[in-house]
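Observations on the three-dimensional arrangement
Chain by chain, the residues run as shown.
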Amino acid sequence: MNHKILETLEYGRVKGQLTQFIVSATGRAELAKLEPQTDYTTIHHWVEETEDGADLLRLVGGIPLPELADVSPQLKRLKVQASLNGTELAQITQVLRTSMAVQNFFDGLVEKKIRLRTIDNLATSLVTIPEVTWRLARSLDPDGRVTDEASTKLHGVRQLITKTEVDIRHELERYTRGKQAKKLSDPIITIRNDRYVIPVLAQYRNQFGGVVHDQSASGQTLYIEPGSVVELNNRLRQAQIEERQEVRKVLAELSDLVRPYRNDIAQNAQLLGHLDLINAKAKLAAAMKASVPLLNQEGEVNLRMARHPLIDQEKVVANDIALGKDYQAIVITGPNTGGKTITLKTLGLIQLMAQSGMFIPANENST
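Residues numbered from 1 in each chain as written. Predicted model: local features only at pLDDT ≥ 70, side-chain atom pairs only at ≥ 80, totals over all residues. Heavy atoms only, no water.

Check the secondary structure of the chain and you find 12 helices and six strands. Its C-alpha atoms give the chain a radius of gyration of 32 Å, more than 25% over the compact-globule value 21 Å for 367 residues. Each principal axis of the C-alpha distribution contributes one length, and for the chain these read about 105 × 50 × 40 Å. Sorting the 367 residues of the chain into buried and exposed places 44% on the buried side. Here the analysis covers contacts within the chain between residues at least 6 apart in sequence; of these, 69% occur between residues at least 24 apart. Accessible surface, the chain as shown: approximately 19,700 Å² in total, 49% of it carbon and sulfur. Averaging the positions of the 45 positive and the 44 negative side-chain charges in the chain gives two centres separated by 7 Å. (Helix = DSSP H or I, 4+ residues; strand = E, 2+ residues; numbered from the N terminus. Rg over C-alpha atoms; globule rule 2.2 N^0.38 Å. Buried < 20%, exposed > 50% of the residue type's maximum accessible area, 1.4 Å probe, protein only. Contact = heavy atoms within 4.5 Å. Areas by Shrake-Rupley, 256 points an atom, 1.4 Å probe, with all protein chains shown as cover. Lys, Arg positive; Asp, Glu negative; His and termini not counted. Charge placed at Lys NZ, Arg CZ, Asp CG, Glu CD.)

This is the structure:
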């Protein structure tokens, strides 16, 4: 494809209209590579995919796809035996969960007797791994935090952390709420160097004992860990170290769990991105009230009330354009700003849209 033509006709702006409907990283990557095709079979297949997408949008609200991150860097790291962090594993989990949801969605269409032309074949190519997906979903929150249910030890350590923090606060509240409160710069409990402390006025430092962890810029306030909570803070610190170690262990186990399926996950991500692009084409078609282009291989064009796709569809002037059957050329005349260039670009852009598998802004039965 001559890229000068694409630039002159502002094909990139048409693709930009699709961007607002894309939700996945792989969908955005496929859109970035999208170019008009010249092979009739490919174009016909793409148009049929968009017809399926439009039918699903009309009948059931479209293919259910959430936002999906690019997981290719994570899959490359798995290939070299690296362990992933929680966020990376959660993004892979989202791809696996979406794969199952989309496959179930297409299975449901069969029960509803909704017949499609081609894209149900894409769903059958999705690889679902229920046991792995369930383990990941149980072990990770959507933001990547390792849950208490990820391991029995982690659950126990976190319970100990919670109990110890309650005990520390209960002990320190004797200072913030009792007679000693007037010796504090603020009756609050805070943290310094990962230890719970209280802000003591400097002149009362010797009345509290314990460990000084910090002081204010003016030197008037000392952040003191009273002796009565030193052992509790030690216990908390040890539990927090054990928690971090167990989280690392869980993440390593989960990384090993998904490692054998990295190629399947990559394939799923690509398929979901393609479905995302089909969804986007269908949604753009609905937004601009576009119709299915009728394709032919005889070089014939017959556009009924064709509208420039980049002009407000409520204000654009529509034109009938016929070429290639009764005559091979059209001469367009008129004054400056009379619409000559717009008419030429309308024909060119609509042709490029059809060759990209998109619906066209023209009345039905346009060729």
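Moving on, we come to the nonpolar core. If you look at the biggest cluster of nonpolar residues, it comprises 40 residues, and the most contacted ones within it are L56, I63, F106, I119 and L275. Broken down by secondary-structure element, the contributors of at least two residues to this core are helix 5 (72-79), helix 6 (86-111), helix 7 (120-124), helix 8 (130-139), helix 10 (227-258) and helix 11 (262-287). Ranked by the residues each element gives to this core, the list is headed by helix 6, at eight residues. Apart from residues no more than four positions distant in its own chain, L56 is found in contact with G61, G62, I63, F105, F106, L109, I114, L116 and I119. Counting residues in hydrophobic clusters, the runner-up holds 32 residues, among them V14, L31, L352 and M353. (Core = buried A, V, L, I, M, F, W, Y, C linked by side-chain atoms within 4.5 Å.)

Okay, helix 12 (residues 340-355) next. Along its 16 residues, helix 12 runs 23 Å from first to last C-alpha, staying within 8% of the 22 Å computed at 1.5 Å per residue. Among all positions in helix 12, only T343, T346, G348, L349, I350, L352, M353, A354 and Q355 are buried. Buried residues belonging to helix 12 abut helix 1 (3-8), helix 2 (11-19), helix 4 (40-60), strand 5 (301-306) and strand 6 (319-323). Once helix 12 finishes, G357 follows within two positions and takes phi at roughly 80°, a positive value. (Expected span 1.5 Å × (residues − 1).)

Turning our eyes to something else, we now look at unusual backbone geometry. Residues other than glycine seldom take positive phi values, yet K289 does so here, at roughly 50°. With respect to the helices, strands and loops of the structure, K289 is situated in the loop between helix 11 and strand 5. Owing to a relative accessible area of 64%, K289 belongs among the exposed residues under this scheme. In this structure, M305 takes a positive phi of about 50° despite not being glycine. Secondary-structure assignment places M305 in strand 5.

This part is about the layout of surface pockets. Of the volumes computed, that of the largest pocket is approximately 340 Å³. For the largest pocket, the lining is made up of 21 residues, of which L295, N296, Q351, A354 and Q355 are closest to its centre. For the lining of the largest pocket, the secondary structure elements donating two or more residues are helix 4, strand 5 and helix 12. Here the lining of the largest pocket gets five residues from one element, more than from any other, and that element is helix 12. Grouping the amino acids of the lining of the largest pocket by side-chain chemistry returns 11 nonpolar, eight polar and two charged. (1 Å grid on protein atoms, 1.4 Å probe; cavity = no way out; pocket = protein on both sides within 12 Å on 5 of 7 lines; lining within 4 Å. Points joined across faces, edges and corners; volume = space filled by probe spheres on them. Nonpolar A, V, L, I, M, F, W, Y, C, P; charged D, E, K, R; others polar.)

The next point concerns empty space enclosed by the protein. Per the counting criterion, the structure on display carries two cavities of 30 Å³ or more. Here the largest cavity defines a volume of roughly 50 Å³. The wall of the largest cavity is formed by S24, A25, T26, L68, A69, D70, V71, V95, A269 and L272. For the lining of the largest cavity, the elements supplying multiple residues, two or more each, are helix 3 (25-33) and helix 11.

With respect to the secondary-structure elements, N233 resides in helix 10. At a separation of 2.9 Å, a polar atom in the side chain of N233 contacts the side chain of E225. (Polar contact = N/O pair within 3.5 Å; in protein donor to acceptor, adjacent residues only side chain to side chain.)

Before going further, it helps to spend a moment on the sheet that holds strand 1 (residues 190-192). Pairing is antiparallel in the open sheet, where four strands are placed in the order 1-2-4-3. The strands lining the two open edges of the sheet, one partner per strand, are strand 1 and strand 3 (211-215). Neighbour-to-neighbour, the strand axes of this sheet turn through a mean angle of 50°, independent of strand direction. In this sheet, strand 2 (residues 195-201) lies alongside strand 1 in antiparallel orientation, the contact comprising three bridges. From the neighbouring strand, T190 faces strand 2, where its bridge partner is V197. Sheet strands touched by helix 10: strand 2 and strand 4 (221-225). Its angle to strand 2, the strand with the most contacts, is close to 150°. (Pairing = 2+ DSSP bridges. Axes fitted to C-alpha atoms, helices over the stretch in contact; angles between N-to-C directions.)

One pass over the structure, following the stated rule, counts two aromatic pairs. For the ring pair F105 and F106, a centre distance of 5.3 Å and an interplane angle of 85° mean the geometry is edge-to-face. A residue is classified by how much of its surface remains accessible, and F105, at 16% relative accessible area, is buried. Taking relative accessible area as the criterion, F106 reaches 5% and is therefore assigned buried. Here the aromatic rings of Y175 and F208 are separated by 5.7 Å at their centres, their planes lie at 40°, and the arrangement is tilted. In this pair, Y175 is assigned in helix 9 (residues 152-176) and F208 in the loop between strand 2 and strand 3, connecting sequence segments 33 residues apart. For F208, a relative accessible area of 7% puts it in the buried group. (Phe/Tyr/Trp six-rings, centres within 6.5 Å; stacked < 30°, edge-to-face > 60°.)

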